[in-house]
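Next come the chains, spelled out residue by residue.
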Amino acid sequence: MLSLSLSDFMVELKDGALKNVGPSNKSASVKLFDVGDVEAREFGDKRVKLAFEDDEGNEVEVALFPEDVAALAADVDELREESTVFE
């Protein structure tokens, strides 16, 4: 399931093109639940792309710098050691 929350979001659709309307203070939050497929691959010369997809075909991709991936891996390792999530 994909949950998308948009804040202060307004666009204009004209001749098949989307155009920003109003100030540039828009924000978004995306959550993907029940992930069925996860993949990590190179993205450009300096990033790692993490791709998550659910059974309904919803997909979220995140591009991270290597140091952020290393920090994420360390967080997961810490969860393995200290949490009951992996039991």
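Bear in mind that the values here come from a model prediction, so they are computed numbers and not experimental data. (Residues numbered from 1 in each chain as written. Predicted model: local features only at pLDDT ≥ 70, side-chain atom pairs only at ≥ 80, totals over all residues. Heavy atoms only, no water.)

**Some points on the layout of surface pockets**
No. 1: Within this model, the largest pocket holds a volume of roughly 160 Å³.
No. 2: Considering the residues around the largest pocket, the lining is formed by L50, V69, L72, A73 and V76.
No. 3: Take the lining of the largest pocket: its biggest share by element is 4 residues, from helix α1 (residues 66-82).
No. 4: Looking at the lining of the largest pocket residue by residue, the classes come out as 5 nonpolar, no polar and no charged. (1 Å grid on protein atoms, 1.4 Å probe; cavity = no way out; pocket = protein on both sides within 12 Å on 5 of 7 lines; lining within 4 Å. Points joined across faces, edges and corners; volume = space filled by probe spheres on them. Helix = DSSP H or I, 4+ residues; strand = E, 2+ residues; numbered from the N terminus. Nonpolar A, V, L, I, M, F, W, Y, C, P; charged D, E, K, R; others polar.)

**Regarding a negative patch on the surface**
No. 1: On the surface, D75, E78, E81 and E82 cluster together into a patch of negative charge.
No. 2: Locating D75 in the fold gives a position in helix α1. (Patch = residues over 30% accessible without salt bridge, like charges linked within 9 Å, V, L, I, M, F, W, Y side chains within 5 Å. Areas by Shrake-Rupley, 256 points an atom, 1.4 Å probe, with all protein chains shown as cover. Salt bridge = Lys/Arg side-chain N within 4 Å of Asp/Glu carboxyl O. Lys, Arg positive; Asp, Glu negative; His and termini not counted. Charge placed at Lys NZ, Arg CZ, Asp CG, Glu CD.)

**Brief notes about the pattern of salt bridges**
No. 1: Overall, the coordinates contain 4 salt bridges when judged by the stated rule.
No. 2: The salt bridge partner of R41 is E39, with a shortest N-O separation of 3.0 Å.
No. 3: The class for R41 is partly exposed, based on a relative accessible area of 30%.
No. 4: Relative accessible area serves as the criterion here: at 40%, E39 is assigned to the partly exposed category.
No. 5: In this structure, R80 and D77 form a salt bridge, with 3.4 Å as the shortest nitrogen-oxygen distance. In this pair, R80 and D77 are both assigned in helix α1, 3 residues apart and thus about one turn of the helix distant.
No. 6: You can call D77 partly exposed: its relative accessible area is 39%. (Buried < 20%, exposed > 50% of the residue type's maximum accessible area, 1.4 Å probe, protein only.)

No statement about biological role is implied by the geometric values presented.
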